[in-house]
Amino acid sequence: MICVDFFVDEPKKWMKKYNPKLVHGPHGNYYTIKTTARYARRAIRHANWDGIKTRHYNEMMARSSDYRENFFEAYNPPYRCCYCHKKLTKSSLVVDHVIPVAKAKSTIFARFLLKIQGISTVNDVRNLVPACRKCNSKKSDKMGLWFIRGKLGAHHWFWIARNITIVFIVFLIIFFCISTFTDLMDSSLITYIGSILYG
């Protein structure tokens, strides 16, 4: 089945035969239909004649109604946000699509990323991660670094390596500051203080 989204305020008369459903999206409302490839091509052609913007995609790229339940069946607690590593309870957790549904619907690159991971649908549990509400709202339908953070942050070893790296960098900074201070104390500062005190 093919889904076709029509970005229009009110359904046109010819759209009624496809039984369009109103969808309240993050960037406004639109109407969507599910139909065969043949009828989808007809509907898109008709929309183009009327100057209506459309988006079409495979039904497997649409958000399913049971993806949250599938996530909880596949993953056991304790849960942590894969973007900030905050502890989460089942009730405070937001199940996030690492590759967003909106991108999977609209871009070939997002579908390519799903395909090279062996994922056939955007609601596959391998594309789902736990997130806190703050990180989920910041991420929205972005990819880029959020995709990398989502993939790496889902693994416990990433957070261990990150913390070790932070401790190492702080140690280097402290070591550099101490060595610089002692170099100053050994040379010019002591000579300057001595010249002031002993004239």
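Up top is the structure these notes are about.
So, here's what we can say about the structure. In this text the structure is predicted, and so the values were computed from the model without any measurement.

1. Some words on the layout of surface pockets
Computed from the structure, the largest pocket encloses a volume of approximately 910 Å³. Forming the boundary of the largest pocket are 33 residues, of which Pro26, Tyr30, Arg63, Val101 and Lys105 lie nearest the centre. Contributions of two or more residues to the lining of the largest pocket are made by β1 (2-7), β2 (21-25), β3 (28-35), β4 (53-58), β7 (94-97) and α3 (101-106). Here the lining of the largest pocket takes six residues from β3, the largest share from any one element. Space inside the second largest pocket adds up to approximately 440 Å³. As for the second largest pocket, its lining consists of 22 residues, of which Tyr75, Pro130, Gly153, Ala154 and His155 are closest to the centre. Listing elements by their share of the lining of the second largest pocket, those giving two or more residues are β5 (79-80), β8 (128-131), α6 (145-153) and α7 (156-186). When its residues are assigned to classes, the lining of the second largest pocket shows 13 nonpolar, six polar and three charged.

2. Observations regarding the sheet that holds β3
What holds strands together in a sheet is hydrogen bonding between their backbones, with the strands either parallel or antiparallel. Ordered in space as β2-β3-β1-β4, the four strands form an open sheet in which the pairing is antiparallel. Each having just a single partner strand, β2 and β4 make up the two edges of the open sheet. Recorded for the sheet is a direction-independent mean angle of 30 degrees between the axes of neighbouring strands. Taken strand by strand, helix α1 (residues 37-49) contacts β1, β3 and β4, and its axis lies near 15 degrees from that of β1.

3. Here we look at the packing of aromatic side chains
One pair of aromatic rings is described through two measures. These are the centre distance and the angle between the planes. If you walk through the whole model with that rule in mind, you get 10 aromatic pairs. Between Trp14 and Tyr18, the aromatic rings sit 6.5 Å apart at their centres with planes inclined by 85 degrees, giving edge-to-face as the arrangement. Ring geometry for Phe72 versus Tyr79: centroids 5.7 Å apart, planes at 70 degrees, classification edge-to-face. On the accessibility criterion, Tyr79 (7% relative accessible area) is buried. Pairwise contacts between aromatic rings join Phe71, Phe72, Tyr75 and Tyr79 into one cluster. Note that Arg55 overlies the ring of Tyr30, its terminal NZ or CZ placed 5.4 Å from the centroid. The lysine or arginine in question, Lys90, covers the ring of Phe72, its NZ or CZ lying 4.7 Å from the ring centre.

4. Re the environment of Ser120
Note on placement: Ser120 falls in the loop between α4 (108-116) and β8. When the C-alpha positions of Ser120 and Met61 are compared, they lie 8.5 Å apart, and in sequence the two are 59 residues distant. Once you skip the residues sitting within four places of it in the chain, Ser120 turns out to touch Met60 and Met61.

5. Notes on α1
Look at α1: 18 Å from first C-alpha to last across 13 residues, which is about the 18 Å you get at 1.5 Å a residue. Considered for burial, the residues of α1 that qualify are Ala40, Ala43, Ile44 and Ala47. End-on, the buried residues of α1 take up no more than an arc of 100 degrees, which puts them together on one face. Residues Arg41 and Trp49 are exposed on α1 and point more than 90 degrees away from its buried face. Buried residues along α1 sit against β1, β3 and β4.

6. Some remarks on the nonpolar core
Residues Phe71, Cys81, Tyr83, Leu93, Ile99 and Leu114 are the most contacted members of the largest nonpolar core, which totals 31 residues. Of all the secondary-structure elements, those providing two or more residues to this core are α2 (67-74), α3, α4, β8 and α6. With residues near it in sequence (within four places) discarded, Phe71 still touches Tyr79, Leu93, Val95, Val125, Leu128, Val129 and Pro130. Among the nonpolar cores identified, the runner-up in size contains 13 residues, and Phe6, Tyr31, Ala40 and Ile44 belong to it.

What counts, and where the lines are drawn
- Residues numbered from 1 in each chain as written.
- Predicted model: local features only at pLDDT ≥ 70, side-chain atom pairs only at ≥ 80, totals over all residues.
- Heavy atoms only, no water.
- 1 Å grid on protein atoms, 1.4 Å probe; cavity = no way out; pocket = protein on both sides within 12 Å on 5 of 7 lines; lining within 4 Å.
- Points joined across faces, edges and corners; volume = space filled by probe spheres on them.
- Helix = DSSP H or I, 4+ residues; strand = E, 2+ residues; numbered from the N terminus.
- Nonpolar A, V, L, I, M, F, W, Y, C, P; charged D, E, K, R; others polar.
- Pairing = 2+ DSSP bridges.
- Axes fitted to C-alpha atoms, helices over the stretch in contact; angles between N-to-C directions.
- Contact = heavy atoms within 4.5 Å.
- Phe/Tyr/Trp six-rings, centres within 6.5 Å; stacked < 30°, edge-to-face > 60°.
- Buried < 20%, exposed > 50% of the residue type's maximum accessible area, 1.4 Å probe, protein only.
- Lys NZ or Arg CZ within 6 Å of the ring centre and 35° of its normal.
- Expected span 1.5 Å × (residues − 1).
- Arc of directions from axis to C-beta.
- Core = buried A, V, L, I, M, F, W, Y, C linked by side-chain atoms within 4.5 Å.

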